[in-house]
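This is what each chain is made of:
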Amino acid sequence: MTTDYHSHILPNIDDGSDSVETSLKMIKMMKRQGIGTIAATPHFHAHRTDLDSFLAKRSRAYEKLMAESPVVSDVHIGAEVAIEKGISELEGLEKLCISGTRLILLEPPFTNYSDWIVEEIDDIVNSRRLLPIIAHVHRYMGLYSKSELSGLLSVDAVFQINAEAFESFGTRRFANKLIDSGRDFVFGSDAHNMGDRKPNFDLITKRVSAENIKHSDNILKSALVNEADSEFVF
Ligand SMILES: [Fe+2]
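**Q** What is the right way to look at the coordination of the iron ion in this model?
**A** Around a metal, the perfect tetrahedron of four donors has angles of 109.5 degrees, and the perfect octahedron of six donors has angles of 90 or 180 degrees. Coordination of the iron ion by the protein is provided by His6 (NE2), His8 (NE2), Glu80 (OE) and Asp190 (OD), with metal-donor distances spanning 2.0 to 2.3 Å. For the iron ion, the four donor atoms in the first shell make angles of 79 to 164° at the metal, so the coordination geometry reads as irregular. Of note, the iron ion draws all its donor residues from one chain, in the sequence arrangement H-x1-H-x71-E-x109-D. With His8 in the loop between strand E1 (2-4) and helix H1 (20-32) and Glu80 in strand E5 (residues 80-82), the pair connects residues that are 72 residues apart, well separated along the chain. Taking the relative accessible area as the measure of exposure, His8 reaches 1% and is therefore buried.

**Q** How should I be thinking about the nonpolar core in this particular structure?
**A** Grouped burial of nonpolar side chains is what soluble globular proteins tend to show. Ranked by size, the top nonpolar core spans 60 residues in total, and within it Ile9, Val81, Leu96, Ile104, Ile161, Phe166 and Phe187 carry the most contacts. With 12 residues, the next largest nonpolar core counts Tyr5, Leu103, Ala135 and Ala223 among its residues.

**Q** Help me understand the packing of aromatic side chains in this model?
**A** By convention here, two paired aromatic rings are described through the distance between centres and the angle between planes. Using the criterion set out here, one finds six aromatic pairs in the structure. Relative to Tyr144, the ring of Tyr140 lies with its centre 5.4 Å away and its plane at 40°, an arrangement referred to as tilted. For the residue pair Tyr140 and Tyr144, the accessibility class agrees, reading buried in each case. Each ring, one from Phe185 and one from Phe187, has its centre 5.6 Å from the other, and the planes form 55°; the classification is tilted. Of the aromatic side chains, those joined through ring pairs into one cluster are Phe110, Tyr113, Tyr140 and Tyr144.

**Q** Looking at this structure, I do not really get the sheet that holds strand E2 (residues 35-40). What am I missing?
**A** Strands in a sheet are paired, the pairing made by backbone hydrogen bonds, and the direction either parallel or antiparallel. Taking strand neighbours across the sheet as the criterion, the three strands line up as E1-E2-E4 in an open arrangement whose pairing is parallel. Bordering the open sheet on either side are E1 and strand E4 (74-77), each of which pairs with just one other strand. With strand direction ignored, the average angle separating the axes of adjacent strands in the sheet is 20°. Both E2 and E4 contribute to a ladder of four bridges, which runs parallel. Within the sheet, the bridge partner assigned to Ala40 lies in E4 and is Ile77.

Thresholds applied
- Residues numbered from 1 in each chain as written.
- Predicted model: local features only at pLDDT ≥ 70, side-chain atom pairs only at ≥ 80, totals over all residues.
- Heavy atoms only, no water.
- Donors = N, O, S within 2.8 Å, 3.2 Å for Na, K, Ca; no water.
- Tetrahedral: all angles 85-135°; square planar, octahedral: opposite > 155°, others 65-115°.
- Helix = DSSP H or I, 4+ residues; strand = E, 2+ residues; numbered from the N terminus.
- Buried < 20%, exposed > 50% of the residue type's maximum accessible area, 1.4 Å probe, protein only.
- Core = buried A, V, L, I, M, F, W, Y, C linked by side-chain atoms within 4.5 Å.
- Phe/Tyr/Trp six-rings, centres within 6.5 Å; stacked < 30°, edge-to-face > 60°.
- Pairing = 2+ DSSP bridges.
- Axes fitted to C-alpha atoms, helices over the stretch in contact; angles between N-to-C directions.

Nothing here speaks to function; it is geometry throughout.
What follows is the structure in structure tokens.
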């Protein structure tokens, strides 16, 4: 069984699952695709939501889902944190890490590249001592120039690849190059619903070697082991 690092399975919290029923269907489908561990990563936008309200809403959504005994019980709560100016200074940022770890899923903005994006990531690493996972990094291919993309790929982080990257030639080539580059990488479905963004991790298991899937799985396993006794775990 493998790990899905990016999903919107928590009900009624963002543009992902719209009900507990949808969440359960998504989780069942994920299980059929070989997923044993799920990071539940609802969107968090600091300019839209106050952190405490988000955390309270997230706990309620998680508890509501868990009360229904989903077939995959190994669900780690986290968030997909939008990189905004000043995000590295947000009080309580560490509460958005994947539970039991210092791994935090960060989503670069879908705008033109600016230096502050990488500066925020660097500050999250150096000042907050967190381990960023850069969400669906292949999506920035069309937005950033080659050198800007190299700048993003030079941060001290783990790079997350969505299943959809393996559907088309250009992004598949990018993903394979990233995997071969020696950087740390993880996979995710970024599933939102049972319609146009349903769980599709099977695309990854078809296209990626078992060894590379194991690499992805091991990032969470080692984070959980290494950080079990750390004072920095949340
Ligand atoms: Fe997402």
